[in-house]
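Given next are the chains, with one letter for each unit.
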Amino acid sequence: MVLEPLRLAFRYPHIKVGFTFLFLALIIALAGTYGVDKSYHESGTLKPGLNVLGNSNFERDYYYYNRTLVLKSKYGEVKVNNITYQVYDTLNLTLNSRPHVELISGNVSYDYTSRAVDYPFAPASLIAFVFFLTGLVLSVLGYMRMMSDLRSG
């Protein structure tokens, strides 16, 4: 009883093809949300003056959710992104942007880790959008044809 209107609707090729395009658009859009974790790690000893940590390609290509900078020293003074810190033993910082570290005094070692997410199938969302529009237009055309056929007879 409930399936009878669907059987009637799917006799029309425009509706059948339109719903196929809509279903494919949904599958492709869901695939676009698949994320892959990426990480970058760097460690060493800070040189006097300004030190820009990280990798510019990595920083540009991915979406971030965590940056951690660990500084170690018996005594050191550093400026990280224009904020001055005194380093006694270990200092853990969580950052929102790529660290620019200026060594003011002392001998300071660092350990920088950046974790990010890559969405490799995100460009396919444009195809999903085109499929969605095509499916919508075809389904509406098929529905209009079905209604006119039902009226006439």
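For the structure, see preceding data.
Note that the coordinates shown come from a computational prediction; the quantities given were computed from them, not determined experimentally. (Residues numbered from 1 in each chain as written. Predicted model: local features only at pLDDT ≥ 70, side-chain atom pairs only at ≥ 80, totals over all residues. Heavy atoms only, no water.)

**Quick word on the overall build of the protein**
A tally of helices and strands in the protein yields four helices and six strands. Along the protein, helices and strands appear, N-terminal first, in the series α-α-β-β-α-β-β-β-β-α. Its C-alpha atoms give the protein a radius of gyration of 28 Å, more than 25% over the compact-globule value 15 Å for 153 residues. On the principal axes, the C-alpha backbone points of the protein span a range of 90 × 25 × 20 Å. Split into buried and exposed, the 153 residues of the protein put 28% on the buried side. Of the contacts made within the protein by residues no fewer than 6 positions apart, 73% connect residues no fewer than 24 positions apart. Entry remark: accessible area of the protein is about 10,200 Å², with carbon and sulfur atoms responsible for 61%. Measuring between centres, the 14 positive side-chain charges of the protein sit 9 Å from its 11 negative side-chain charges. (Helix = DSSP H or I, 4+ residues; strand = E, 2+ residues; numbered from the N terminus. Rg over C-alpha atoms; globule rule 2.2 N^0.38 Å. Buried < 20%, exposed > 50% of the residue type's maximum accessible area, 1.4 Å probe, protein only. Contact = heavy atoms within 4.5 Å. Areas by Shrake-Rupley, 256 points an atom, 1.4 Å probe, with all protein chains shown as cover. Lys, Arg positive; Asp, Glu negative; His and termini not counted. Charge placed at Lys NZ, Arg CZ, Asp CG, Glu CD.)

**Points about the packing of aromatic side chains**
Tallying each qualifying case throughout the model produces seven aromatic pairs. With 5.5 Å between their ring centres and 65 degrees between their planes, F10 and F19 make a pair best called edge-to-face. Here F10 falls in the partly exposed class, since its relative accessible area comes to 31%. Take F19: its relative accessible area is 44%, and that puts it in the partly exposed class. Their ring planes at 35 degrees and their centres at 6.1 Å tell us that Y34 and F121 sit as a pair that is tilted. Here F121 lies in the loop between β6 (109-118) and α4 (124-152) and Y34 lies in the loop between α2 (13-32) and β1 (36-45), a separation of 87 residues in the sequence. Owing to a relative accessible area of 48%, Y34 belongs among the partly exposed residues under this scheme. (Phe/Tyr/Trp six-rings, centres within 6.5 Å; stacked < 30°, edge-to-face > 60°.)

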